[in-house]
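So you can see what is in the structure, the chains are spelled out below.
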Amino acid sequence: MCLSIDVVFTPDLLPFSNLAGKTVVVTDILRATTTITVAIANGAQHITPVLTPDDAFCLAASQSDTLIGGERHGVKVDGFQLGNSPREYTRDIVSGRQIVLTTTNGTRTLQACGTAKQVLVGSFLNLQAVVNLLAKDTEDVVFACAGREGGFCMEDTVFAGACVDALSTGGMTANLTDAAEAARLLYREHSNNLTGMLQNCYHGRYLASIGLAADVEFCAQLNLVDIVPRQIKGQVKLSN
Ligand code: MLT
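Rules used throughout
- Residues numbered from 1 in each chain as written.
- Predicted model: local features only at pLDDT ≥ 70, side-chain atom pairs only at ≥ 80, totals over all residues.
- Heavy atoms only, no water.
- Salt bridge = Lys/Arg side-chain N within 4 Å of Asp/Glu carboxyl O.
- Helix = DSSP H or I, 4+ residues; strand = E, 2+ residues; numbered from the N terminus.
- Buried < 20%, exposed > 50% of the residue type's maximum accessible area, 1.4 Å probe, protein only.
- Polar contact = N/O pair within 3.5 Å; in protein donor to acceptor, adjacent residues only side chain to side chain.
- Contact = heavy atoms within 4.5 Å.
- Pairing = 2+ DSSP bridges.

*Asks:* I'd like to hear about the pattern of salt bridges, residue by residue, with values.
*Replies:* Scanning the model with the defined rule gives 8 salt bridges in all. Here Arg 108 makes a salt bridge to Asp 12, at a shortest N to O gap of 3.3 Å. With Arg 108 in helix α4 (residues 106-111) and Asp 12 in the loop between β1 (2-8) and β2 (23-27), this residue pair connects regions lying 96 residues apart in the sequence. With its nearest N and O atoms 4.0 Å apart, the salt bridge here joins Glu 181 to Arg 184. Of this pair, Glu 181 and Arg 184 are both found in helix α7 (residues 178-190), 3 residues apart, which corresponds to roughly one turn of the helix. A relative accessible area of 30% means that Glu 181 is categorised as partly exposed. Residue class for Arg 184 comes out buried when judged on its relative accessible area of 13%. Several salt bridges converge on common partners, so that one network encompasses Asp 165, Glu 181, Arg 184 and Arg 188.

*Asks:* Lay out the side chain of Asn 126 with the relevant residues and their values.
*Replies:* Of note, Asn 126 is situated in the loop between β7 (118-122) and α5 (127-137). Here Val 121 takes part through its backbone oxygen, which lies 3.1 Å from a polar atom of the side chain of Asn 126. Sequence-distant contacts of Asn 126, defined by excluding residues within four places in its chain, comprise Thr 37, Val 121, Asn 223, Val 225, Ile 227, Val 228 and Pro 229.

*Asks:* Any chance you could break down the pairing of strand β3 (residues 46-49) for me, citing the residues and the numbers?
*Replies:* A two-sided burial pattern is seen for β3, the buried positions comprising His 46 and Thr 48 on one face and Ile 47 and Pro 49 on the other. Pairing of β3 with strand β6 (residues 98-102), which is carried by 4 bridges, proceeds in the parallel orientation. Paired with His 46 across the two strands is Gln 98, which belongs to β6.

This is the structure:
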């Protein structure tokens, strides 16, 4: 089976990609998809990504026993129970709970993939689980990077490139777009020091400047969990 792989660097470019019939992997390494991966791995019932804090308050008010999480400018929104640090989403806090989440870039990227055949959530923490799932039963794959405020970001593209690299070796053949090949080259440049790459990228430096350097290191961990969250009808839940 030959995989066809594309990488879309920001959600603003998604309207130019035909996602119908394709598997989309959304990634926002710092920190939304890392947070979602941890929360689902720790037993959260499901996570509903919404665009704004007002949307989050409204949805939470309409359903019982719901945690509201997320950030603006990297900091927990006033009135939310949780911010967007994956380290907050521990099993004792999230197990069995419904969560509504809004972040600057990650949740809007998830919402922009509604026409895809299936939408998966990827982070370094579940990278191999994502690759294993894609290698098993998928032909057309699009990695949708959350980017930063409509622009390119290093960390999401390096993650996509790591997946492209894994899917293009080991006997698998893949038909790569130029964007996918560029992401793969970027990954190969940083593969020996992913933590350093995260610490030196723009948002990694910003998070460190507001006292969240520990989040940056946490988000660099490889293959901590063997699950792939999937967005189904607007809710992200366990898929495998
Ligand atoms: C994002 O949506 O870009 C990130 O989640 C922002 C953050 O968590 O700092």
